[in-house]
Amino acid sequence: MNTQKQIVLMVALMFLLVGGCAAYTAIELPVRAPDQADWTRDQSLERGALLFANNCRTCHGNRGDGSIGPQLLNNETTQFQDQDPLKLAANRTLLRRTLSCGRAGTLMPAWLTANGGSLNAIQIEHIVDFLTSPIVITPEGDATSDWWDEAEEFAHNLNGEVAVLIGGDTLVGLAKSHGIGPKILADYNQLPVDGFIKKGTEVKIPAINGKDGYIYTVYKDNETFTKISESQFFGARILAELNSISYAFSEKRGTATMQLKTASGVDVAGLFPGVTRLGFPTGSTYTVQAGDTVDSIAETHGLSTASIVDLNKGILAGLETSDDIPTERTLALPKQIAIVQAGQTLGTIAQLHGVLLGDLAAANALSEDAIVAPGAQLTLPADANYVVQPGDTWALVATLHGTTSADLAGKNGQTPGDALSPEVILRMPDITAYVVQGDSLADAAQAFVNVTAASLAEKNGVQENSVLAVGTSLHLPETAYGSAPGDAKNTGTACVQYAVSASGFDKVLGNVAEVTKPPTASTEVKVEAHANDWTVTADGTAQAPNKGVALIAKGTQVVFSSIVGLHNIKLNGTVEGADLKEGDKRTLTFNDPGEFLIECSYHPDMWATFYVE
C-alpha cells in the first residue's frame, strides 16, 4: 500500500472514531448517567439504613416510630420525608446539624467524630439521605419505603446477634469479694499474702477435699495470690465444696476450667438468684461495693446489723446503718501531721488527705503554690484523713505521719497484722445463709429498649416469673430496639468551642478551677473590666483575669470600672444598675454576708468571686 492510501485510511479511521464517540455521547451517556446517579444514591441510602440500625434505633425505634427520641418517619410536625425543595433543604440542614452537634439538654449526643462522636461527615450524610428519602403510603395508610424495610431487617439481624445474659453472683466473684482463697494459698506456700510474686515462682495449689493438688508456675511479674486464686478457681472450689455444689474441674499447663453441674451431672450455667443459700468459711471478709449499706449487707448475708458493726467499729464509726459506706479506704490519724516526701506538692498532699488545697495552705501559713521541702512537717486540717493508696502498709503510712504502726492501726480499730487495702474491707461474722443475688427477667429486660419480661420470656420459651441461673444466655426479641442508652445529657458544648473565647468554653464545660476563700480579708478592693475579663485588685495586688477572689468585711465599698468595652455587673445572677460604658465607674457596697459570683451578661466568660463576712 502506498503512502497516499495509508493517509486516506488513517483519516477514515479517525472519522469513524470521532463519529463513534459522538454517537456514544449522544445516545449512551444520557441513559447511563442517570443510572449511575441512581446507583450512587441507592448505595448512600443502604448505608444510611445500616448506620441508622447500628446507631439510632435505640432512641428512635427500628422503623423510626419514636421511643426515647422523637418519631422520625411520617412525623406530621417535622415531615422529614417531604420532597418540597425548600422544606427538603431545611430538613437536611436541620438533621445534619443535629447529628453533628447533638441536642443540648437531651440524650441526643454529637455524632460527628470532630465533636467526640463515632461517625464521619460522609456517614452523617448517608443518614441524612436515608431520613429524608421519599416514602409511599400503603392502602392501609402506613408510611414505608424499601429503605425503612431494610433498616428494620438490619435491626432484626442485629438483635439475633445479641445474647442477653442473666447477671449476678458467681462462685468466683463471691470468693473474691469475701477474701476466700488468697490467704490460704499464701500460708500454704509460706509467703506473704500481699505484694507481687516473682516470675518463675512455683506456687503449690493444695488439694481440696481429697482432690489432687498441683503446681502453678508464675509466668508474669505482676501476679498476686488474689489473681492466682481467681484464675485457678481456688476460692470458688472452696465455696463449692463447703456448700456441696457439684462441679467439674480441670487444669492443664496453668489453665484451669470449672463447670457447675446439677446433682445428676448435667451442666448448669450458674447459681440461682434468691433460691441458693450459701455458707462461707469462718474468717471471711467483705469488700464494700458502691451503694452498700450495713442494712443491705446484713440482709443479703443473713446477719444482724449489730454483729457487723461490732466487728468494724473503726471503719463504720459515725455512719448510720442506712448510710452508704464509702468505698475508698481512709485512715484516721493519731497526729494531724504529714511528713513531706520527695516529689510531693501541697496539692498532692491535700489530695491524699481529702482536704482543700487552700485549707492546707492556710493551716501552715503558706501560699497555695509554695514549694515544700522533703522532710518538712506540715500541719493537717482537723478533718483530714489519709486516703489509702495501692502498696501502702501500716508501717509506711505511719512513717509518713510521724507515728507508729500500732498507734495508727489502733486509731482505726485494727492491728498492724491486718491487711491494708485501698478498698474498704469489713470483717464478717460467721455466714451461713448468704442469699445469691442476680437478675430476674424484668431486670434483664431493663437493659434494652422495647423489651419486657413478657416479650423476653415468650422469645425464649420460659415463664415470665422464671428464676434462671446466673450466666444463662437468652435471645433478644426481634422487636427490640437494642441496648438502652446511657443517661448522660448533652451539655451543648460540641459546636460552641469556636464561638466563644477559650475561658468561656472552659466555663461552659465546667473546667473552672475550684475557688478557695482567702484566709485573710482585704480592706481595699477594686474591679476593672477589660474587653473580656474582670480583673480584681485586692490591697494593691492585681489577680489573674477572670480568676479573682477576695474576702471582704460587711459594708466594704468596691469600685467597678470599665476600662474597655460595654459591660454590666451581675451578682449571683441579678444585674445591678445600668450598663458600664467605657470609662464609667460605679461603687457597690456589700452589706449582706455570703458568697457572690460576679459576671457580665454580655461576656459569659467574665467572672470573679467575693466572700463577704
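Anything mentioned here points back to the structure above.
What you see is a predicted model; the values in this text were computed from it and never measured. (Residues numbered from 1 in each chain as written. Predicted model: local features only at pLDDT ≥ 70, side-chain atom pairs only at ≥ 80, totals over all residues. Heavy atoms only, no water.)

## A short note on the overall build of the chain
To keep it simple, the criterion reads: Helix numbers and strand numbers start at the N terminus; a helix is a DSSP run of H or I with at least 4 residues, a strand a run of E with at least 2. Radius of gyration here is computed from C-alpha atoms only, and the compact-globule reference equals 2.2 Å multiplied by the residue count raised to the power 0.38. A simple rule labels every residue: compare its accessible area, found with a 1.4 Å probe on the protein chains alone, to the largest value its type can have, and call it buried under 20%, exposed over 50%, or partly exposed in between. Residue contacts follow a heavy-atom distance rule, with two residues in contact if any of their heavy atoms lie within 4.5 Å. The accessible surface values rely on the Shrake-Rupley method and a 1.4 Å probe; as for residues, cover is taken only from the protein chains in view.
Looking only at helices and strands, the chain has 20 helices and 26 strands in total. Here the C-alpha radius of gyration of the chain, 35 Å, is well above what a compact globule of 613 residues would show, namely 25 Å. Referenced to the eigenvectors of the C-alpha coordinate spread, the extents of the chain come out at roughly 110 × 90 × 70 Å. Looking at the chain as a whole, 38% of its 613 residues are labelled buried. Here the contacts in the chain between residues at least 6 apart in sequence split such that 65% fall between residues at least 24 apart. In the form shown here, the chain has an accessible surface area of approximately 32,900 Å², with 54% of it arising from carbon and sulfur atoms.

## Regarding unusual backbone geometry
Backbone geometry places Ser244, a non-glycine residue, at a positive phi of 55 degrees. Note that Ser244 resides in the loop between α10 (234-242) and β6 (247-252). Within the chain, Asn572 stands out as a residue other than glycine whose phi angle is a positive 50 degrees. Checked against the element boundaries, Asn572 lands in the loop between β22 (570-571) and β23 (574-575).

## Concerning the sheet that holds strand β24 (residues 585-590)
Just so we agree on the cut-off: Two strands pair if DSSP finds at least two bridges between them.
Taken in spatial order, the five strands of this open sheet run β19-β18-β17-β21-β24, and their pairing is mixed. In this open sheet, the two edge strands, each paired with only one partner strand, are β19 (541-542) and β24. Relative to β19, strand β18 (residues 534-538) is paired through two bridges, and the arrangement is antiparallel. Across the sheet, residue Ala538 finds its bridge partner in β19, namely Thr541.

## A closer look at a nonpolar patch on the surface
What counts here: A patch consists of residues exposed above 30% relative accessible area that lack any salt bridge, with like charges linked at up to 9 Å and nonpolar side chains (Val, Leu, Ile, Met, Phe, Trp, Tyr) linked at up to 5 Å. Every case where a carboxyl oxygen of Asp or Glu lies within 4 Å of a side-chain nitrogen of Lys or Arg is listed as a salt bridge.
A surface patch of nonpolar side chains, about 310 Å² in accessible area, is lined by Ile7, Val11 and Phe15. Residue position: Ile7 is located in helix α1 (residues 3-27).

## As for the side chain of His603
The line we're drawing: Here a polar contact means two N or O atoms within 3.5 Å. Within protein one must be a hydrogen donor candidate and the other an acceptor candidate, and residues neighboring in sequence count only if both atoms are side-chain atoms.
Its location among the elements puts His603 in strand β26 (residues 603-612). A distance of 3.4 Å separates a polar atom in the side chain of His603 from the backbone oxygen of Ala531. Residues contacting His603, with those up to four places away along its chain left out, are Ala531, Asn532, Leu566 and His567.

## Quick word on the pairing of strand β7 (residues 255-260)
Only one face of β7 is buried: it carries Ala256, Met258 and Leu260, and the other face, with Thr255, Thr257 and Gln259, is open. Linking β6 back to β7 in an antiparallel pair, the connection comprises two residues, with Arg253 at a positive phi of about 55 degrees.

## Structural notes on the packing of aromatic side chains
Basically, it comes down to this: Put simply, two rings from Phe, Tyr or Trp (the six-membered ring, in Trp's case) pair if the centres are within 6.5 Å, and we call them stacked under 30 degrees between planes, edge-to-face over 60, tilted for the rest. Note on criteria: charge over ring means Lys NZ or Arg CZ within 6 Å of the ring centre, with the direction from the centre no more than 35 degrees off the ring normal.
Per the stated rule, a full pass over the model turns up eight aromatic pairs. Considering the side-chain rings of Phe280 and Tyr434, the 5.5 Å spacing of their centres and the 80 degrees angle between planes classify their relative orientation as edge-to-face. Separated by 154 residues along the polypeptide, Phe280 in the loop between β8 (277-278) and β9 (285-287) and Tyr434 in strand β15 (residues 434-435) bring together distant segments of the chain. Pair check on accessibility: Phe280 and Tyr434 agree, each one buried. Taken together through their ring pairs, the aromatic side chains of Phe52, Phe130 and Trp148 make up a single cluster. Directly above the aromatic system of Tyr188 lies the positively charged group of Lys204, at a separation of 5.7 Å from the ring centroid. Between the NZ or CZ atom of Arg237 and the centre of the ring of Phe249, over which it lies, the distance is 3.9 Å.

## A word on the state of the cysteines
We apply this condition: In this description, the term disulfide denotes a pair of cysteine sulfurs within 2.5 Å.
Enumeration over the complete set of coordinates arrives at one disulfide. Disulfide pairing is shown between Cys101 and Cys495; the S-S distance is 1.9 Å. Measuring the twist about the S-S bond at about -95 degrees, one finds the Cys101-Cys495 disulfide to be left-handed. Of this pair, Cys101 sits in helix α4 (residues 85-101) while Cys495 sits in the loop between β16 (473-475) and α20 (502-509); the two residues are 394 residues apart in sequence, bridging distant segments of the chain. Accessibility expressed as a relative area gives 18% for Cys101, which makes it buried. We classify Cys495 as partly exposed; its relative accessible area is 40%.

## Section: the packing of α4 against helix α5 (residues 121-131)
Basically, it comes down to this: Comment: axis = line fitted to C-alpha atoms, over the contacting stretch for helices; angle = value between 0 and 180 degrees taken between N-to-C directions. Note on terminology: angles under 35 degrees are roughly parallel, angles over 145 are roughly antiparallel, angles of 65 to 115 are roughly perpendicular, and the others are oblique. By definition, turning the near helix anticlockwise from the far helix through less than a right angle yields a left-handed crossing, and turning it clockwise yields a right-handed one.
Viewed as axis vectors pointing N to C, α4 and α5 meet at an angle of 140 degrees, and their least axial separation amounts to 10 Å. One finds that α4 runs oblique with respect to α5. The way α4 lies across α5 gives a crossing that is right-handed. Residues Arg92, Leu95, Arg96, Leu99 and Ser100 of α4 pack against Ile124, Glu125, Ile127, Val128, Asp129 and Leu131 of α5.

## Observations regarding the nonpolar core
Taken as a class, soluble globular proteins show a tendency for nonpolar side chains to be buried jointly. Put simply, the rule reads: For this analysis, a nonpolar core means a set of buried residues of the types Ala, Val, Leu, Ile, Met, Phe, Trp, Tyr and Cys, connected via side-chain atoms within 4.5 Å.
Within the largest apolar cluster, 46 residues are counted, with the highest numbers of intra-cluster contacts made by Leu171, Leu278, Ile308 and Leu426. Looking at this core, the element that brings in the most residues is α10, giving five residues. Residues contacting Leu426, with those up to four places away along its chain left out, are Thr285, Tyr286, Val288, Ile297, Ile308, Asn312, Ile315, Leu316 and Ile325.

## Re α10
Among the nine residues that make up α10, seven are buried, leaving the element largely enclosed by the rest of the structure. Among all positions in α10, only Phe234, Gly235, Ala236, Arg237, Ile238, Leu239 and Ala240 are buried. Downstream of α10 by a residue or two, Ser244 has a phi angle that is positive, lying close to 55 degrees.

## Observations concerning the sheet that holds β23
Each strand in a sheet pairs with its neighbour through backbone hydrogen bonds, running either in the same direction (parallel) or in the opposite one (antiparallel). Strand order in the open sheet formed by five strands is β20-β26-β25-β22-β23, and the pairing between neighbours is mixed. Taken across any chain shown, the strands that pair with only one partner, and hence form the sheet edges, are β20 (549-552) and β23. Relative to strand β25 (residues 594-600), β22 runs antiparallel, the two being bridged by two bridges. Bridge assignment links Leu571 to a residue of β25, and that residue is Ile598.

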